Amino acid sequence: NFSLLAGIFLTAASEPFAGNFTVWPGSHHLLEEYFARRGPAALAEGIPQIAYGQPRPLSFAPGDVVLCHYQLAHAAAVNTSGQDRCAVFF
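We now turn to the structure provided with this report. As the structure is a prediction and not an experimental result, all values here were calculated from the model.

1. Observations regarding the sheet that holds strand β3 (residues 56-58)
- Taken in spatial order, the 3 strands of this open sheet run β3-β2-β5, and their pairing is antiparallel. Among the strands making up the open sheet, the edge pair consists of β3 and β5 (74-76). Direction aside, neighbouring strands of the sheet carry axes that sit 30° apart on average.
- As defined by bridge partners, strand β2 (residues 21-23) adjoins β3 across 3 bridges and the pair is classed as antiparallel. Its bridge partner lying in β3, Phe21 is registered against Leu58.

Written as structure tokens, this is what we have:
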């Protein structure tokens, strides 16, 4: 269990599809409502199949940090840039 996701980017992703950290803004509120309705049983049901809205890929430079709520839906975008994308998450 954790309450905060922290990412530190070691390389840049300044263009689309460069392995950008991608978030679904407001999805933590949707997930909060889902878990409140479903109760503890929801934890054994896998990832909720709900409409999260539009994803937002974030651009970043080396040394940038992202802090986000632990329930915020997030993923790494595909990297077609030809440059490695390196980051550490805590």
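So much for the structure itself; the text now carries on.
2. A word on the sheet that holds strand β6 (residues 87-89)
- Taking strand neighbours across the sheet as the criterion, the 3 strands line up as β4-β1-β6 in an open arrangement whose pairing is antiparallel. At either margin of the open sheet sits one strand with a lone partner, and together these are β4 (65-69) and β6. Shown here is a sheet whose adjacent strand axes are inclined to one another by a mean of 15°, direction ignored.
- Pairing of strand β1 (residues 4-9) with β4 involves 5 bridges; the strand directions are antiparallel. Looking across to β4, one finds that Leu4 is bridged to His69.

3. Concerning the nonpolar core
- In terms of nonpolar packing, the biggest core is built from 10 residues, these being Leu5, Phe9, Ala13, Ala18, Phe21, Val23, Phe60, Val66, Cys68 and Leu72.
- Mapped onto this core, the elements with two or more residues apiece are β1, β2 and β4.
- When residues no more than four places from it in sequence are discounted, the contact partners of Leu72 are Val23, Trp24, Pro25, Gly26, Ser27 and His28.

4. Re the pairing of β1
- Direction of pairing for β1 relative to β6: antiparallel, over a ladder of 3 bridges. Counterpart to Phe9 in the pairing with β6 is Ala87.

5. Re the pattern of salt bridges
- Taken as a whole, this structure holds 1 salt bridge when the rule is applied.
- Between Glu45 and Arg38 there is a salt bridge; the shortest N-O distance is 2.3 Å.
- Residue classification places Glu45 among the partly exposed residues on the basis of a relative accessible area of 37%.

6. Concerning the side chain of Asn20
- Note on placement: Asn20 falls in the loop between β1 and β2.
- Reaching out from Asn20, the side chain makes a polar contact with the backbone nitrogen of Phe17 at a distance of 3.3 Å.
- Among the polar contacts made by the side chain of Asn20, one reaches the main-chain amide nitrogen of Ala18 at a distance of 2.9 Å.
- Discounting chain neighbours no more than four positions away, the residues touching Asn20 are Ala13, Glu15, Pro57, Leu58, Ser59, Phe60, Ala75, Ala76, Ala77 and Arg85.

7. A word on the packing of aromatic side chains
- Considering all chains together, one arrives at 5 aromatic pairs under this definition.
- On the basis of an interplanar angle of 75° and a centroid distance of 5.4 Å, the ring pair of Tyr34 and Phe35 is categorised as edge-to-face.
- Here Phe35 falls in the partly exposed class, since its relative accessible area comes to 23%.
- Members of the aromatic cluster, each reached through a chain of ring pairs, are Phe9, Phe21, Phe60 and Phe89.

What counts as what
Residues numbered from 1 in each chain as written. Predicted model: local features only at pLDDT ≥ 70, side-chain atom pairs only at ≥ 80, totals over all residues. Heavy atoms only, no water. Pairing = 2+ DSSP bridges. Helix = DSSP H or I, 4+ residues; strand = E, 2+ residues; numbered from the N terminus. Axes fitted to C-alpha atoms, helices over the stretch in contact; angles between N-to-C directions. Core = buried A, V, L, I, M, F, W, Y, C linked by side-chain atoms within 4.5 Å. Buried < 20%, exposed > 50% of the residue type's maximum accessible area, 1.4 Å probe, protein only. Contact = heavy atoms within 4.5 Å. Salt bridge = Lys/Arg side-chain N within 4 Å of Asp/Glu carboxyl O. Polar contact = N/O pair within 3.5 Å; in protein donor to acceptor, adjacent residues only side chain to side chain. Phe/Tyr/Trp six-rings, centres within 6.5 Å; stacked < 30°, edge-to-face > 60°.

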